[in-house]
Every structure is written in C-alpha cells, then in structure tokens.
Amino acid sequence: METKDKVLELLKNNAEPMKAGEIAENLGIDKKEIDKAIKALKSEDVITSPKRCYYTCE
C-alpha cells in the first residue's frame, strides 16, 4: 500500500482533522513522506485543509 493510500485511509477513519505530524506518528512513517503524500492528495482534491496545517478527507 502506498503512503498516499495509508494517509487517505487514516483520514477517512478519523472524524477530526489531523496535522501531518500526527499522521506520521500514527502511521510510523517519516513526516517528509507524509508531506509529499498530503501535497499529492490535495492536488487531486481528495483531501482538504479546514484550517491551516490540518487535513481531513472530504
């Protein structure tokens, strides 16, 4: 499973918006990889940022 898929699944299962650091901690993946995945998912309009540095699934 790709990092993007893991991030998306975690955000879908979490009711609250999460920060990149929290996502990295939960998944046990380096924050730089999480940042890349978030950037890609945002460009695909799959996730949104309801407030600065927090991300959630639509």
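In the block above lies the structure referred to throughout.
Residues numbered from 1 in each chain as written. Predicted model: local features only at pLDDT ≥ 70, side-chain atom pairs only at ≥ 80, totals over all residues. Heavy atoms only, no water.

Draft legend 1. Quick peek at the packing of helix α1 (residues 3–13) against helix α3 (residues 31–43). Two elements in contact, α1 and α3, have axes whose closest approach is 9 Å; the angle formed by their N-to-C orientations is 75°. As the angle between them shows, α1 and α3 are arranged roughly perpendicular. Contact residues: α1 offers Thr3, Lys4, Val7 and Leu8, while α3 offers Glu33, Ile34, Ala37, Ile38, Ala40 and Leu41. Residues of the contact of α1 with α3, tallied by class, amount to 7 nonpolar, 1 polar and 2 charged. (Axes fitted to C-alpha atoms, helices over the stretch in contact; angles between N-to-C directions. Helix = DSSP H or I, 4+ residues; strand = E, 2+ residues; numbered from the N terminus. Parallel < 35°, antiparallel > 145°, perpendicular 65-115°, else oblique. Contact = heavy atoms within 4.5 Å. Nonpolar A, V, L, I, M, F, W, Y, C, P; charged D, E, K, R; others polar.)

Draft legend 2. Looking closely at the nonpolar core. Formed by 16 residues in total, the largest nonpolar core has its most connected members in Val7, Leu11, Ile23, Ile34, Ile38 and Ile47. When contributions to this core are tallied by element, the ones reaching two or more residues are α1, α2 (20–27), α3 and β3 (54–57). Not counting residues up to four positions away in its chain, the partners in contact with Ile47 are Leu8, Leu11, Ile38, Leu41, Lys42, Tyr55, Thr56 and Cys57. (Core = buried A, V, L, I, M, F, W, Y, C linked by side-chain atoms within 4.5 Å. Buried < 20%, exposed > 50% of the residue type's maximum accessible area, 1.4 Å probe, protein only.)

Draft legend 3. Structural view of the packing of α2 against α3. Close contact between α2 and α3 brings their axes to 9 Å; oriented N to C, the two are set at 115°. Read as a crossing pair, α2 and α3 show a hand that is right-handed. Along the contact surface, α2 presents Ala20, Gly21, Ile23, Ala24 and Leu27, while α3 presents Lys31, Ile34, Asp35 and Ile38. Looking at side-chain class alone, the contact of α2 with α3 contains 6 nonpolar, 1 polar and 2 charged residues. (Left-handed = near helix turned anticlockwise from the far one by under 90°.)

By themselves, these observations are geometric and do not establish any function.
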